[in-house]
Amino acid sequence: MSSTQTHSETPAARPVDFKLEIVVIPVSDVDRAKRFYGDLGWRLDADFARNDGFRVLQFTPPGSPGSVIFGKGVTSAKPGSAQGLYLVVSDIEAARADLAARGVEVEVFHDVGGVFHQAGRTGRLSGPDPERRSYSSFASFSDPDGNGWLLQEVTARLPGRVEGDTTFASSRDLAAALRRAAAAHGEHEKRNGGQHDANWPDWYAEHIVREQAGQELPL
């Protein structure tokens, strides 16, 4: 094969999976950061220290396949310089309430353009998206060093964003999907004269699978 062959000329093949596993965040006080992320309810996976002062800690947010790492000698980045660290939630208001109960200051907002939030505070409107459209509601908070986290409410994926079987990262996410299916099924029964639908389990299952795959939802 010629070394000048372009990507488009490469024979089609299933790509190697590249799964994002770790994000490194820079902190100035390791023990303070450990308390903060522990108080968020995140799982402490590791706290390794060496005699030369090197130390690394790993925390995993609830339901997340990826984790964060911080410590001493882990990164040369300036503490607090990590911004736009994303967490996806199924209910932005429930997530805000959870963080607020843990003593974290949280701001819920949506973008004036209704798409993706802009840098800084440009175009921010207070509160969640009025129509609660998937991908459109955000919340922000920071750790003690100023590393900035963003929550994004995602209830239905865009087409092509999810492959394989329907999966849920936690029982809470599954429960939220069931509640959305129940609400949609209630409207479905109203459109059909209010009669009880004996096949509701099949309808729920179809709604949940289609929603996660980003496909048109059943009526």
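Residues numbered from 1 in each chain as written. Predicted model: local features only at pLDDT ≥ 70, side-chain atom pairs only at ≥ 80, totals over all residues. Heavy atoms only, no water.

Q: An account of the nonpolar core is needed here, citing residue identities and associated values.
A: By size, the foremost hydrophobic cluster in this structure holds 26 residues, and its most contacted members are Tyr37, Leu40, Trp42, Phe70, Phe141, Trp149 and Leu151. Secondary-structure elements contributing two or more residues to this core are α1 (30-39), β3 (55-60), β4 (67-72), β5 (85-89), α2 (92-101), β8 (137-142) and β9 (148-153). Considering each element in turn, this core owes the most residues, 4 residues, to α1. Membership of the second largest hydrophobic core comes to 5 residues, among which are Ala181, Trp203, Tyr204 and Ile208. (Core = buried A, V, L, I, M, F, W, Y, C linked by side-chain atoms within 4.5 Å. Buried < 20%, exposed > 50% of the residue type's maximum accessible area, 1.4 Å probe, protein only. Helix = DSSP H or I, 4+ residues; strand = E, 2+ residues; numbered from the N terminus.)

Q: Mind laying out α1, listing which residues take part and the relevant values?
A: Of the residues making up α1, those classed as buried are Val30, Ala33, Phe36 and Tyr37. Down the axis of α1, the buried side of the element spans an arc of 125 degrees, and every buried residue falls inside it. Exposed side of α1, more than 90 degrees from the buried face: Arg35 and Asp39 are the residues found there. Taken together, the buried residues of α1 touch β3, β4, β8 and β9. (Arc of directions from axis to C-beta. Contact = heavy atoms within 4.5 Å.)

Q: Account for the sheet that holds β4, naming residues and giving values.
A: Strand-to-strand pairing in sheets goes through backbone hydrogen bonds, with the strands running parallel or antiparallel. Judged by pairing direction, the sheet is mixed, and its 4 strands sit side by side in the order β1-β4-β3-β2 without closing on themselves. Both outer strands of the open sheet, β1 (22-24) and β2 (43-49), are each paired with one neighbouring strand and no more. Going across the sheet, the axis of each strand differs from the next one's by a mean of 20 degrees, ignoring polarity. Sheet topology note: the β1/β4 ladder contains 3 bridges and is parallel. Paired with Val23 across the strands is Val68, a residue of β4. (Pairing = 2+ DSSP bridges. Axes fitted to C-alpha atoms, helices over the stretch in contact; angles between N-to-C directions.)

Q: Now, about the pairing of β2: what can you tell me, with residues and values included?
A: Two strands pair when backbone bridges link them, and β2 and β3 are joined in this way by 6 bridges, in the antiparallel orientation. Bridging from a neighbouring strand, Leu44 pairs with Phe59 of β3. Between β2 and β3, which pair antiparallel in sequence order, lie 5 residues; one of them, Gly53, sits at a positive phi of approximately 100 degrees.

Q: Go over a nonpolar patch on the surface with me, naming the residues and quoting the values.
A: Residues Phe168, Leu174 and Leu178 make up a contiguous nonpolar surface patch of about 210 Å² in total accessible area. In this structure Leu178 comes out as partly exposed when scored by relative accessible area, which is 36%. (Patch = residues over 30% accessible without salt bridge, like charges linked within 9 Å, V, L, I, M, F, W, Y side chains within 5 Å. Areas by Shrake-Rupley, 256 points an atom, 1.4 Å probe, with all protein chains shown as cover. Salt bridge = Lys/Arg side-chain N within 4 Å of Asp/Glu carboxyl O.)

Q: Go over the environment of His196 with me, naming the residues and quoting the values.
A: Relative to the helices and strands, His196 resides in the loop between α3 (171-191) and α4 (200-213). The sequence separation of His196 and Gly186 amounts to 10 residues, and the corresponding C-alpha distance is 9.4 Å.

Q: I'd love a proper account of the side chain of Asp197, names of residues and values included.
A: When you line up the elements, Asp197 lands in the loop between α3 and α4. With no salt bridge to any partner, buried Asp197 finds its closest opposite charge in Arg191, at an N-O distance of 9.9 Å. A polar contact of 3.0 Å, which involves the side chain of Asp197, links it to the side chain of His185. Setting aside chain neighbours within four positions, we find Asp197 in contact with His185, His188, Glu189 and Trp203. (Lys, Arg positive; Asp, Glu negative; His and termini not counted. Polar contact = N/O pair within 3.5 Å; in protein donor to acceptor, adjacent residues only side chain to side chain.)

Q: Please provide a residue-by-residue account of the packing of α3 against α4, values included.
A: It is at 9 Å that the axes of α3 and α4 come closest, and there the two elements cross at 120 degrees. Regarding the angle of α3 to α4, the classification is oblique. Once α3 is placed against α4, the crossing between them reads as right-handed. Two secondary-structure elements touch here, α3 through Ala177, Leu178, Arg180, Ala181, Ala182, Ala184, His185 and His188 and α4 through Trp200, Trp203, Tyr204, His207, Ile208 and Glu211. (Parallel < 35°, antiparallel > 145°, perpendicular 65-115°, else oblique. Left-handed = near helix turned anticlockwise from the far one by under 90°.)

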